[in-house]
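Per-entry structural report
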Amino acid sequence: MSKEALDTAVPVSRTDAAATPHDAGDAGYSKDLKARHVNMIAIGGAIGTGLFLGAGGRMHDAGPALAIAYLVCGIFAFFVVRALGELVLYRPSSGSFVSYAREFLGEKGAYVAGWMYFVNWSTTGIADITAIALYTHYWSLFTDIPQWTLALIALAVVLALNLISVKIFGEMEFWFAIIKVAALVAFMFIGIFLLMTQHEVGGQTPGLHVITDNGGLMPHGVLPVVLVMQGVVFAYASLELVGVAAGETAEPQKVVPRAVNSIMWRVGLFYVGSVVLLALLLPGSMYSADQSPFVTVLSKIGVPAAGDVMNLVVLTAAMSSLNSGLYSTGRILRSMAMAGSAPKFTARMNRSQVPYGGIMLTSAVCVLGVGLNYLVPGQAFEIVLNIASLGIISTWVIIMICHLAFVRRSKQGLVTRPTFRLWGSPVTEIVTIAFLLSVLGLMWKDPEVGRKTLYLIPIISAALVAGWYAIRRRTRNSLET
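Quick summary incoming for the structure in this document. (Residues numbered from 1 in each chain as written. Predicted model: local features only at pLDDT ≥ 70, side-chain atom pairs only at ≥ 80, totals over all residues. Heavy atoms only, no water.)

Turning next to the nonpolar core. Counting residues in hydrophobic clusters, the biggest one holds 154 residues, and the most contacted among them are F52, Y70, W115 and Y236. Discounting residues that sit within four places of it in the chain, W115 has contacts with L333, M336, S341, A342, P343, L361 and L464. (Core = buried A, V, L, I, M, F, W, Y, C linked by side-chain atoms within 4.5 Å. Buried < 20%, exposed > 50% of the residue type's maximum accessible area, 1.4 Å probe, protein only. Contact = heavy atoms within 4.5 Å.)

If you want it as structure tokens, here you go:
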């Protein structure tokens, strides 16, 4: 990170920022998101298929130490969101980190941040509609319907609801999050009851001995715990949605700190707490990547329709992710379009003040995913999820770089830091960036999936460079006007 990159920002006083939007892409939005919407968006971002479905395979590989992996990655995820929260309180923006990258790193920084985020969510959207189709096939009623058809229906429904208004988006996320939280809380009550009553689970009594009698905390050694970190980081993807949503709430100064601070205890309770319970109830070897670990436990105690209930919850998590992806990319692309680094039509808004152009572009990429579901239904999910992983890491790294630049400018007296701050700057940002880059390094240890994903980096980099040279003149003209 060069001195020149950090010095590209134009200082803006808080008075000026309040009078007129620093980012032209912030104009025209309604402020219809309430505190409960933003709080639930924060919860929804912290709870997804990475826990409901992915924890089973990771538990099998890493054992009870998976709880430590979730805690470590959760701490770094919290640092990222805390840094973003501070930037939001400095200047709320629907362009979120792309707008901050433009201010503190220049238009090139915003360009890279925006398009990598688009890569992340457009490919995640393909993964989501694929997952929705796969989960729907669980019920015999839908077995005969082709996977690509179910994927297309899911995309059409979520797209239609996203275009109506931001309030509808907020309500959808609110109820999606309620379902996920209710399912987790119900399971944790059941797990605690099983522990307290010493009720048999799968033919054995639950308790600490389940861990000690089956290889201890790390039954397969330290390496599997380290390698599983890459999947755990991706489980926390979408926490940054709080920053985007803040641009459409009337009182970000009150709502954002509360939402950001609550993320930490939610991580501790829902992720770490539930994994500890899973480890105390059954040995790690009894969990698998093919089944939700919660379904595994509930089926062992004979709970009727456990699979149906949890499949509905996981389906809800996938719908929530798709809903969030369309929402956030619509706002990010509009911010970029107003600066000339995205197609002009992505700046368009409908009568409900929804940036439909960007949402439609993301949906168009998802339609390609429908084709992928038609051609290779068995591999569609894995292919796009690998590409999305690069977007997640780059987005979080850029957020921390923006925060470093922001703190540096505050020391120069050019901007004022809010009282809500990320602690330990610049050490916290540097350590977080190093951790995220080390996750990329860990991917090299996985020749089947991770290494192939890393091979995409030169291709994506070349595409970004070519794209920049194609639009740089338009961007320059936009900045001059």
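Let us now look at the environment of S389. Tracing the backbone shows S389 in helix α19 (residues 380-411). A sequence separation of 65 residues divides S389 from L454, and the C-alpha atoms of the two residues are 9.9 Å apart. (Helix = DSSP H or I, 4+ residues; strand = E, 2+ residues; numbered from the N terminus.)

A cluster of nonpolar side chains, I68, L217, M218, V222, L223 and V226, forms an exposed patch at the surface whose accessible area comes to about 490 Å². Among the elements that take part in the nonpolar patch, helix α12 (residues 222-227) stands out by supplying three residues, more than any other. Mapped onto the fold, M218 is located in the loop between α11 (209-212) and α12. Judged by its relative accessible area of 33%, M218 falls in the partly exposed class. (Patch = residues over 30% accessible without salt bridge, like charges linked within 9 Å, V, L, I, M, F, W, Y side chains within 5 Å. Areas by Shrake-Rupley, 256 points an atom, 1.4 Å probe, with all protein chains shown as cover. Salt bridge = Lys/Arg side-chain N within 4 Å of Asp/Glu carboxyl O.)

Between two packed helices, both the angle of their axes relative to each other and the distance between the axes serve to describe the pair. The contact between helix α16 (residues 293-300) and helix α17 (residues 306-338) brings their axes to 9 Å, and the two run at 160°. If you check the angle between α16 and α17, you find them roughly antiparallel. The two elements α16 and α17 meet at a crossing, and its hand is right-handed. The segment α16 lies against α17, with F294, V295, L298 and S299 engaging A306, G307 and M310. Looking at the contact of α16 with α17 residue by residue, the class counts come to five nonpolar, two polar and no charged. (Axes fitted to C-alpha atoms, helices over the stretch in contact; angles between N-to-C directions. Parallel < 35°, antiparallel > 145°, perpendicular 65-115°, else oblique. Left-handed = near helix turned anticlockwise from the far one by under 90°. Nonpolar A, V, L, I, M, F, W, Y, C, P; charged D, E, K, R; others polar.)

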